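Structural description and commentary
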Amino acid sequence: MLTLHELSTSYGPVKALQQVSFTAREGEITAVLGANGAGKTTLLRTVSGLQRADSGTIELEGRRLGKVAADRMPGLGMAHVPEGRGVITELTIEENLRLGGLGRGRRVQPADLDRVYDLFAILGDRRAALAHTLSGGERQMLVIGRALMAGPRMLLLDEPSLGLAPRIVAQIFDLLRGLVQSDGLSVLLVEQNARSALSVADHGVVLNLGRVVADDDAATLAADDQLRHAYLGF
Ligand SMILES: Nc1ncnc2c1ncn2[C@@H]1O[C@H](COP(=O)(O)OP(=O)(O)O)[C@@H](O)[C@H]1O
Ligand SMILES: [Mg+2]
C-alpha cells in the first residue's frame, strides 16, 4: 500500500530521518514506534507532503509521491490526522465533519456522515453540539471521523492515544481495528505508547534517532524483551 525507500528528512543540521525504508501493507495497521524525538511525526509529515524529503522515495499504491503537495492527498486516498486533536471548537461536531469532506471533490452526502456516526455513536448523538464541549477522547474520535469524511484508503495517525485514559485508548483502537476489518482501510499508526499500539497493530516499525532499528510482526516485536527495554519503554 505504502512503501518508503531510503527516506531522509532534515531540519537544517538535524537529521530527523535517515534512510528509512519499510512497507505498510494494505488492510493492515502498521505501527511506527519510538521515543520522543525518534522522528515519528517527521515521518508522517514527509509522507503526507507537509515536509520535504532530502532524498528517498515514497510510493502509494505503486504511485510515486515525492513532490505531491499536501492538499492533493485526499484525492490520492490518503488522510493525515496530526498530533494534538485540533478541531474548530466554535463549530458543531457535524460542521467539523463536513470540513473533512471538502477535499473530496464532491458534495458531502448524508451517507458519508452516517458512516462516521455508525462508527462513533457518541458523535452522532451530539452532532449539533459545539466541538468545545467534547472530552479528549471524543475529540480524538472527531478528528479521525473528519479524516474518514475524505474517503481515504490510507489513514495516517499521529499519537492518537496521547493524554487519554487507557480505557478510552482501548476503545479508539478497537474501533480502528473494526474499520480495518470492515472497510479494508490501511493505517499507519504513530505511537510512543508502544504497548497499546502493538496490541492493535499487525506490523511494527521501531525508529531510534531517525533510523529503523526493527521491522517485524507486532507479536514478534512485543515478545522481544531486549527491544522492548531498549526502545519501547515497557
Ligand atoms: N520544526 C523543527 N525544527 C527543527 N528540528 C525539528 C523540528 N521538528 C522536529 N525536529 C527534530 O527532529 C527530530 C525528530 O522529531 P519528531 O519527528 O517530532 O519526533 P517524534 O515525533 O518521534 O517525537 C527531533 O530531534 C526534533 O527535535
Ligand atoms: Mg511526534
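Residues numbered from 1 in each chain as written. Chains lettered and ligands numbered in written order. Predicted model: local features only at pLDDT ≥ 70, side-chain atom pairs only at ≥ 80, totals over all residues. Heavy atoms only, no water.

Quick look at the packing of helix α6 (residues 136-148) against helix α7 (residues 166-183) now. Across the interface, α6 lies against α7 with an axial gap of 10 Å and an inter-helix angle of 20°. In terms of orientation, α6 lies roughly parallel with respect to α7. For α6 against α7, the interelement crossing comes out right-handed. Contacts from Gly137, Gln140, Met141, Ile144 and Leu148 in α6 reach Ile168, Gln171, Ile172 and Leu179 in α7. (Axes fitted to C-alpha atoms, helices over the stretch in contact; angles between N-to-C directions. Helix = DSSP H or I, 4+ residues; strand = E, 2+ residues; numbered from the N terminus. Parallel < 35°, antiparallel > 145°, perpendicular 65-115°, else oblique. Left-handed = near helix turned anticlockwise from the far one by under 90°. Contact = heavy atoms within 4.5 Å.)

Here α7 spans 25 Å end to end across 18 residues, near enough to the 26 Å set by a 1.5 Å rise per residue. All buried positions along α7 are accounted for by Ile168, Val169, Ile172, Phe173, Leu176, Arg177, Leu179 and Val180. Looking at the residues trailing α7, positive phi occurs at Gly184, about 70°. (Expected span 1.5 Å × (residues − 1). Buried < 20%, exposed > 50% of the residue type's maximum accessible area, 1.4 Å probe, protein only.)

In this section: the sheet that holds strand β1 (residues 2-11). Judged by pairing direction, the sheet is antiparallel, and its four strands sit side by side in the order β2-β1-β4-β5 without closing on themselves. In the strand order of this sheet, the two ends are held by β2 (14-24) and β5 (63-64), each with one partner. Where β1 and strand β4 (residues 55-60) come together, five bridges link them in antiparallel fashion. Paired with Thr3 across the two strands is Glu59, which belongs to β4. The sheet contacts of helix α1 (residues 40-47) involve β1, β2 and β4, and relative to β1 the element is tilted by about 115°. (Pairing = 2+ DSSP bridges.)

By volume, the largest pocket is sized at about 380 Å³. Taken together, 19 residues line the largest pocket, and the ones lying closest to its centre are Pro74, Ala79, His80, Gly100 and Ala150. Those elements that place two or more of their residues in the lining of the largest pocket are α2 (73-76), β6 (78-81), α3 (93-100) and α6. In terms of residue count, the dominant contributor to the lining of the largest pocket is β6 (four residues). (1 Å grid on protein atoms, 1.4 Å probe; cavity = no way out; pocket = protein on both sides within 12 Å on 5 of 7 lines; lining within 4 Å. Points joined across faces, edges and corners; volume = space filled by probe spheres on them.)

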